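For reference, the chains in residue letters:
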Amino acid sequence: MASPISLKQLNVFMTITQHKTLTEAAEALFLSKAAVSSALAELEKHLGHALFDRVNNRLILNQEGQKLLPLADELLGRAKDLHHLFDQQNTLAGQLRIGASDTIGNQLAPYLISAFRSQYDHHAQSLFISNSALICQKLVDYELDVALIEGKTLHPQLISRQFGQDEMCIICTPDHPLAKKSTLTLSDFEQSQWVLREAGSGSREFFMRVVAPRIEQWQESFELNTTEALINSVSAGLGLGCLSQLAAHCALQDGRIKQLTVPLDMQRRFWVLVHKEKYQSPLLKSFIAFCHQSNA
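Residues numbered from 1 in each chain as written. Predicted model: local features only at pLDDT ≥ 70, side-chain atom pairs only at ≥ 80, totals over all residues. Heavy atoms only, no water.

With an unreviewed UniProt entry as reference, the protein chain is termed LysR family transcriptional regulator, source organism Vibrio metschnikovii. Of the protein chain, the UniProt comment under Sequence similarities (unreviewed entry) reads exactly: "Belongs to the LysR transcriptional regulatory family." (UniProt positions renumbered as here; feature names shortened; annotations may be inferred.)

Rendered as structure tokens:
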């Protein structure tokens with residue numbers, strides 16, 4: 001009779017999906033490479049399917065592995081809940097892996113997490129900051145538990161709910177010709193040069209959706225992957241920029257850049273995202289509810 005699937009095997013499976021090699025998974029689990037390989041082999045033998053494709057010493061999750069991923073995540077999550085079942089009442093336990101796109105990650109998430117810690121006395125969170133596209137992919141791959149992003153995603157595996165909003169702005173260097181005009185129309189932006197964030201960022205998505213379609217002739221002079229670099233490039237006269245007022249606040253205050261008033265609705269929404277099949281532990285549910293309450 002075959003031995004039952006163990007939580008250790010599922011934990012090894014989940015760790016390999018995140019690290020892509022046996023060596024890195026073994027290091028993360030503080031196990032030998034042989035022990036990790038053996039646990040995976042036992043799991044695959046029990047299920048009767050290979051769970052990974054072997055490509056250049058890397059283990060890439062295949063179709064069968066994708067089927068197991070949400071179930072393994074839920075079983076491991078429930079096992080952690082069971083472990084803490086008889087802890088002090090109302091005490092949240094476990095690790096919470098939060099992803100955030102650039103503006104939220106730098107301007108909002110630290111304060112949100114700090115307030116969450118104060119209210120729930122829970123201090124085991126991690127924060128990964130990147131562009132919205134990468135954050136969503138990590139959520140799909142179960143490398144994050146929850147994500148906070150600026151642009152709504154239509155990914156079929158993700159659920160999104162609004163939890164706040166902010167205002168975007170168009171900025172320029174203080175000596176730019178447009179900075180001297182008291183009233184601007186969209187025609188003033190014809191033949192303009194722009195410094196933009198990279199593809200996949202919420203700021204670029206907003207510019208391409210709201211601003212760019214209303215300008216017939218414009219050019220991208222620079223593409224950058226950090227907001228601070230964008231601000232400095234605009235300050236240096238390399239072009240106009242489009243970003244969150246939250247991110248631009250300090251640079252506007254110290255006079256490095258100037259905000260242009262434009263006849264456009266510059267509001268955008270913040271979204272909290274989870275995987276449709278993600279097991280929502282008491283910790284995860286509490287954090288999601290806290291996000292909504294904090295920005296109600």
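(A) Region of interest: the UniProt feature "domain: HTH lysR-type" (unreviewed entry) in the protein chain. The UniProt record marks residues 5–62 with the feature "domain: HTH lysR-type" (unreviewed entry), using the residue numbering of this structure. End C-alpha to end C-alpha, residues 5–62 measures 19 Å, and it is 62% helix and 14% strand. (Helix = DSSP H or I, 4+ residues; strand = E, 2+ residues; numbered from the N terminus.)

(B) Summary view of the pattern of salt bridges. Applying the stated rule across the entire model yields 18 salt bridges. With a closest N to O distance of 2.8 Å, aspartate 145 and lysine 278 form a salt bridge. Here the residue aspartate 145 occupies a position in the loop between helix H6 (132–140) and strand E5 (146–149), and lysine 278 occupies one in the loop between strand E11 (267–275) and helix H10 (282–294), the gap between them amounting to 133 residues. Here aspartate 145 and lysine 278 have matching classes, each one buried. The shortest N-O distance in the salt bridge between arginine 197 and glutamate 198 comes to 2.9 Å. A relative accessible area of 12% means that glutamate 198 is categorised as buried. (Salt bridge = Lys/Arg side-chain N within 4 Å of Asp/Glu carboxyl O. Buried < 20%, exposed > 50% of the residue type's maximum accessible area, 1.4 Å probe, protein only.)

(C) Just unusual backbone geometry, in detail. You will see that asparagine 57, though not glycine, has its phi angle at about 70°, which is positive. Looking at the element boundaries, asparagine 57 is found in the loop between strand E1 (52–55) and strand E2 (58–61). Here the phi dihedral of tyrosine 142 falls at roughly 65°; this positive angle occurs in a residue that is not glycine. A residue is classified by how much of its surface remains accessible, and tyrosine 142, at 2% relative accessible area, is buried.

(D) Local environment of the packing of helix H2 (residues 22–29) against helix H3 (residues 33–47). Relative to each other, H2 and H3 sit at 105°, their axes nearing to 8 Å. In terms of orientation, H2 lies roughly perpendicular with respect to H3. In this structure, H2 contributes Leu22, Thr23, Ala25, Ala26 and Leu29 to the contact, and H3 contributes Lys33, Val36, Ser37 and Leu40. Its residues assigned to classes, the contact of H2 with H3 comprises six nonpolar, two polar and one charged. (Axes fitted to C-alpha atoms, helices over the stretch in contact; angles between N-to-C directions. Parallel < 35°, antiparallel > 145°, perpendicular 65-115°, else oblique. Contact = heavy atoms within 4.5 Å. Nonpolar A, V, L, I, M, F, W, Y, C, P; charged D, E, K, R; others polar.)

(E) Summary view of the side chain of aspartate 166. Looking at the element boundaries, aspartate 166 is found in strand E6 (residues 158–172). Residue aspartate 166 is classed as buried on the basis of its relative accessible area of 7%. Of note is the side chain of aspartate 166, whose polar atom sits 2.6 Å from the side chain of serine 244. If we skip the residues at most four places from it in the chain, aspartate 166 touches Thr103, Ser244, Leu246, Met266, Gln267, Arg268 and Phe270. (Polar contact = N/O pair within 3.5 Å; in protein donor to acceptor, adjacent residues only side chain to side chain.)

(F) Representation of the packing of aromatic side chains. Scanning all chains against the criterion turns up nine aromatic pairs. Residues tryptophan 194 and phenylalanine 207 carry aromatic rings whose centres are separated by 4.7 Å and whose planes lie at 50° to one another, so their mutual orientation is tilted. Pair noted here: tryptophan 194 is in strand E7 (residues 192–197) and phenylalanine 207 is in helix H7 (residues 202–211), with a separation of 13 residues, a long-range link. There is no split in this pair, since tryptophan 194 and phenylalanine 207 are both buried. Ring pairs connect the aromatic residues Phe116, Tyr120, Phe287 and Phe290, which therefore count as one cluster. The side chain of lysine 138 reaches across the aromatic face of phenylalanine 128, ending 5.0 Å from its centre. (Phe/Tyr/Trp six-rings, centres within 6.5 Å; stacked < 30°, edge-to-face > 60°. Lys NZ or Arg CZ within 6 Å of the ring centre and 35° of its normal.)

(G) Highlighting helix H8 (residues 227–235). All buried positions along H8 are accounted for by Thr227, Leu230, Ile231, Ser233 and Val234. Burial along H8 is one-sided: seen end-on, the buried residues are contained in an arc of 165°. Where H8 is buried, its residues contact helix H5 (102–120), E6, E7, strand E8 (218–224), strand E9 (240–244) and helix H9 (245–253). For H8, the side-chain oxygen to backbone nitrogen distance between the N-cap and alanine 229 is 3.2 Å, and the N-cap itself is threonine 226. Two residues or fewer after H8 comes glycine 237, characterised by a positive phi angle close to 85°. (Arc of directions from axis to C-beta.)

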